[in-house]
Amino acid sequence: MAHLKKQTQKETNILDMETDANHNLVVKTEPAKNLSSIQMLKNIIVYAAFESLKGNNGNNTDCNVSSPIPTSKTLTLDIKTGAKYHRLPIPVFDFLKLKQTKILGSGSNGQVLLVEDATNSDKFKFAAKVFSFNNSDPKKNKNRLKTFHKECGILQSIKHENIVEVVLGAVGPSYGVMMLQYFPDGPLYEHISNISDDLAWRYFINILSAVQYIHLKRIVHRDIKLDNILVKHKDVFLTDFGLAERLPAGGNFVIGFAGTDEFVAPEVLGARGNFGYYDGFKADSYATGIYLWCLLMQSDPELETKCWASLEKAINSGKDMDPMLVECARLLLLEDPKERVSVDDLLEGLKENHILDELGELGLELSSKVNKNTDPGWNTPL
């Protein structure tokens, strides 16, 4: 891997770089003076060739579960700042003087770690999503690298107040890491049992606005669920774009199963194992409907839950729910994707019918959030 192809600048902000004969990496970037290490790396993605994809079949021993970031090897890269070259060591944790404090979560590609300033834990904290490229199967390593590239690229190209922001990304000899905003309140599933009507409206509009925004960017998330929605005070934030896809203009369809069974639309389940295709935007609509069901029922759905039927049953049994939120859930949970409302149309309907205005001060606040997605000054990448 002597050369990594430069990606479209508008889409990913990936730097142009080459490796020399000794596989040292040279990164070309614009001059930047008087910048701290975090400022210098913020909003760029640094990629490097790594040994596990160059013929050793992933036999590195410097990457394991307890210490995902290798420390026995140092991959360096040159970033030009003014007239000088500064050698920046990778792993980035060491360079940025960060320490790993605990594991926040684990998945098929690696772990999410809490990292903080090594000298002052109150200074800043990040959630570091670590991709391990240390599998004995080179194909799995390449697939994980592809997923890393794609997720970093998508996150770099979007900016929304209810989507988790990526601070930086880097690849080392046998790992990739994305530094993300850290939300100490954790995922929504830890708070779902205590949701008032006002909070349900706020949380619903937060995610509805975030999903509308990415759809305007031709991006489908494909894994909207409580685990991928993080809480901070009275707002929630969409995260984990590992399954997301950017679709071409005029093309709404994705192929094959993706997502979590309890949150996927019927047509997505039907695509399991047979490479069936379906409208990715309408599949996100259905998952958003399941998310709203969770807010209304104050519960996580079970695998066999018939969500709309169970919602009707709860209402008939006397459970108090906001009728307009229930109607939103009905429109999002229609089984036929051709009849199912899109997220964009649902938000437009809420605005045109002045539904949010009926919520008083909360409605005014949520209306301003919804209107931002169509503001040309807001709908811009990082």
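Counting from 1, residues in each chain are numbered in the order their sequence is written. Whole-chain, interface and lining totals are the exception, using all residues; otherwise, since this is a predicted model, local features are given only for residues with pLDDT of at least 70 and side-chain atom pairs are given and counted only at 80 or more. Hydrogens and water are ignored here; the side-chain numbers use all heavy atoms of the structure.

(A) Fine view of the layout of surface pockets. Put simply, the grid is 1 Å and covers the protein atoms alone, a cavity is a trapped set of points that fit a 1.4 Å probe, a pocket is an open set with protein on both sides within 12 Å along at least five of seven lines, and lining residues have an atom within 4 Å of a point. Grid points are joined across faces, edges and corners, and a volume is the space filled by probe spheres set on the points. The space that makes up the largest pocket amounts to roughly 1200 Å³. In terms of lining, the largest pocket is formed by 42 residues, of which the most central are S106, V112, K129, N228 and D240. Where helices and strands are cited, they refer to DSSP runs of H or I of at least four residues and of E of at least two residues respectively, numbered from the N terminus. Going through the elements one at a time, β7 (98-106), β8 (110-117), β9 (125-132), α4 (138-156) and β11 (175-181) are the ones with two or more residues in the lining of the largest pocket. The greatest single-element share of the lining of the largest pocket, amounting to six residues, is contributed by α4. Three classes are used, and their members are as follows: Ala, Val, Leu, Ile, Met, Phe, Trp, Tyr, Cys and Pro are nonpolar, Asp, Glu, Lys and Arg are charged, and the others, Gly among them, are polar. For the lining of the largest pocket, the residue count by class is 17 nonpolar, 14 polar and 11 charged. Approximately 410 Å³ is the volume found for the second largest pocket. P266, Y286, T305, K306 and C307 are the residues nearest the centre of the second largest pocket, which is lined by 21 residues in total. Elements represented by at least two residues in the lining of the second largest pocket include exactly α6 (266-270), α7 (280-297) and α8 (307-316).

(B) Spotlight on unusual backbone geometry. Phi is positive for R218, which is not a glycine, with a value near 65 degrees. Tracing the backbone shows R218 in the loop between α5 (197-216) and β12 (219-220).

(C) Molecular detail of the packing of α8 against helix α9 (residues 323-332). Following both chains from N to C, one finds α8 and α9 inclined at 155 degrees, their axes separated by 10 Å at the closest point. With respect to their mutual orientation, α8 and α9 come out roughly antiparallel. Considering the relative orientation of α8 and α9, their crossing is left-handed. Of the residues in α9, those touching α8 at W308, L311 and I315 are V326, A329 and R330. A breakdown of the residues in the contact of α8 with α9 according to their chemical character gives five nonpolar, no polar and one charged. Every angle, taken between N-to-C directions, lies between 0 and 180 degrees, and every axis is a line fitted to C-alpha atoms, over only the stretch in contact when it is a helix. Oblique is the label for any angle not under 35 degrees, not over 145, and not in the 65 to 115 range, which are roughly parallel, roughly antiparallel and roughly perpendicular in turn. By definition, any crossing whose near helix is turned counterclockwise from its far helix by less than a right angle is left-handed, and any crossing with a clockwise turn is right-handed. Throughout, a contact is declared for two residues whenever any of their heavy atoms are within 4.5 Å.

(D) Layout of the side chain of N228. Inspection of the secondary structure puts N228 in the loop between β12 and β13 (229-232). With residues near it in sequence (within four places) discarded, N228 still touches H221, D223, F237, L238, T239 and D240.

(E) Fine view of α8. Each residue is placed in one exposure class: buried if its accessible area under a 1.4 Å probe, protein chains only, is under 20% of its type's maximum, exposed if it is over 50%, and partly exposed if it falls in between. Listed as buried for α8 are C307, L311 and A314. One face of α8 carries all of its buried residues, which in axial projection span an arc of 60 degrees. Exposed side of α8, more than 90 degrees from the buried face: K313 and N316 are the residues found there. Against the buried residues of α8 lie α7 and α9. Positive phi appears at G318, one or two residues downstream of α8, with a value of about 100 degrees. Within this analysis, the arc is defined by the directions that extend from the helix axis to the C-beta atoms.

(F) A look at a nonpolar patch on the surface. Without a salt bridge and with relative accessible area above 30%, a residue can belong to a patch; like charges are then joined within 9 Å and nonpolar side chains (Val, Leu, Ile, Met, Phe, Trp, Tyr) within 5 Å. In these tables, accessible area is a Shrake-Rupley quantity obtained with a 1.4 Å probe, and a residue counts as shielded only by the protein chains included in the view. Each salt bridge in this description consists of a side-chain nitrogen of Lys or Arg and a carboxyl oxygen of Asp or Glu lying within 4 Å of one another. Together, F253, I255, F275 and Y277 line one region of the surface with nonpolar side chains, adding up to about 560 Å² of accessible area. In this structure, F253 sits in strand β16 (residues 253-255). By relative accessible area, F253 is classed as exposed at 52%.

(G) Summary view of the confidence of the model for the protein. Each residue carries a pLDDT value, the predictor's own confidence for that position, ranging from 0 to 100. Here the protein averages 75 in pLDDT, while 71% of its residues score no lower than 70. Within the model, the stretch residues 1-90 combines pLDDT values under 50 with 204 contacts to residues more than four positions away or in other chains.

(H) Structural view of the pattern of salt bridges. Considering all chains together, one arrives at 11 salt bridges under this definition. Note that E245 and K150 form a salt bridge whose closest N and O atoms lie 3.2 Å from each other. Pair noted here: E245 is in strand β15 (residues 245-246) and K150 is in helix α4, with a separation of 95 residues, a long-range link. Here K150 falls in the partly exposed class, since its relative accessible area comes to 26%.

(I) Highlighting the side chain of D284. Along the chain, D284 turns up in helix α7. The charge count includes Lys and Arg as positive and Asp and Glu as negative, but it does not include His or the ends of the chains. Buried charge without a partner: D284 forms no salt bridge, and the closest opposite charge is R222, 6.7 Å away. We call two N or O atoms a polar contact when they sit within 3.5 Å, provided that within protein one can donate a hydrogen and the other can accept it, with sequence-adjacent residues counted only if both atoms are side-chain atoms. Here H221 takes part through its backbone nitrogen, which lies 2.8 Å from a polar atom of the side chain of D284. Dropping the residues within four chain positions of it, D284 is found in contact with V211, H215, V220, H221, R222 and I224.

(J) Broad picture of empty space enclosed by the protein. Applying the stated criterion across every chain yields a total of two cavities of 30 Å³ or more. Of the pockets and cavities examined, the largest cavity occupies roughly 120 Å³. As for the largest cavity, its lining consists of 16 residues, and the residues nearest its centre are R222, A258, V264, A283 and D284.

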